[in-house]
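Structural characterization, general
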Amino acid sequence: MFFVATIGKAHEKIEGYSYNAMLRYILSLNPSKIYVTYLTHYDYDHGLYGEEIRKLMSEDMLADRVSFRGADEKKYSTLYQKYIEENRSSPEFVIKFNVLDIMNTTLNSYLEGYWKDPQTVNSEVTDSLYRAKHRLTSAMFPELEVLTWENKHREIMENIEMTGVTPNTMILCPAESRYWFIDHFGPHR
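The notes below deal with the structure included here. (Residues numbered from 1 in each chain as written. Predicted model: local features only at pLDDT ≥ 70, side-chain atom pairs only at ≥ 80, totals over all residues. Heavy atoms only, no water.)

1. Some details on the pattern of salt bridges
Side chains carrying opposite charge are able to pair once their charged atoms draw close together. Just so we agree on the cut-off: The rule for a salt bridge is simple: a side-chain nitrogen of Lys or Arg has to be within 4 Å of a carboxyl oxygen of Asp or Glu.
In the structure shown here, the tally under the stated rule is twelve salt bridges. One salt bridge in this structure joins Glu85 and Arg88, with 3.4 Å as the shortest N-O distance. Via salt bridges that share partners, Glu51, Arg54 and Lys55 belong to a single interconnected network.

2. Brief notes about the layout of surface pockets
The condition is simple: Residues are said to line a cavity or pocket when one of their atoms sits within 4 Å of a point; the points come from a 1 Å grid over protein atoms alone, cavities being sets where a 1.4 Å probe fits but cannot get out and pockets being open sets with protein on both sides within 12 Å along at least five of seven lines. Grid points are joined across faces, edges and corners, and a volume is the space filled by probe spheres set on the points. Helix and strand definitions follow DSSP, with helices as H or I runs of at least four residues and strands as E runs of at least two, each counted in order from the N terminus. Here the term charged refers only to Asp, Glu, Lys and Arg, the term nonpolar to Ala, Val, Leu, Ile, Met, Phe, Trp, Tyr, Cys and Pro, and the term polar to all other amino acids, Gly among them.
The space that makes up the largest pocket amounts to roughly 610 Å³. At seven residues, helix H9 (residues 142-163) tops the list of elements feeding residues into the lining of the largest pocket. A per-class count over the lining of the largest pocket returns nine nonpolar, nine polar and six charged. Computed from the structure, the second largest pocket encloses a volume of approximately 150 Å³. Taken together, Thr6, Gly8, Lys9, Glu12, Tyr19, Tyr38, Gly50, Glu51, Glu52 and Pro174 make up the lining of the second largest pocket. Of the residues belonging to the lining of the second largest pocket, the class tally is three nonpolar, three polar and four charged.

Just geometry here; none of it tells us what the structure is for.
Structure representation (structure tokens):
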């Protein structure tokens, strides 16, 4: 299996992993199926996607291989916001939440400086930093991490497993999610 990261608007800043560079990278891997983890078919049908999907779907060699296997982002966003609102009055919560916010800003800034090409974006360095971020998040907010991050990714994995994977299947996911799919699909494939 191939695990390929997208980086949203950061594609515009990183010449070596621009939208076109990512498309060339995907073409070079020649996947038999491409499962997009961050969009549903509804999202695609209603134009709720970014430039990377527009380019992917305009490529005749790939468009028929693409399947949207995401979860309802609104559902998980609502759960996240509800948890934040319910806990916002706790000083301990606010301190931990602010530390997490600082860590996110620092981590994302560092990675945008590190990313140069497909190899650096899709690297163990990127994966290990996001893995550590989620371990810390889980240590500080275990209920929130399970409720939103873990449950959403398990739902996406089930959506993918329903249709089957092969050694030549590509999981196209946000850079932050890549480690999760590697850890859950990779070892036994």
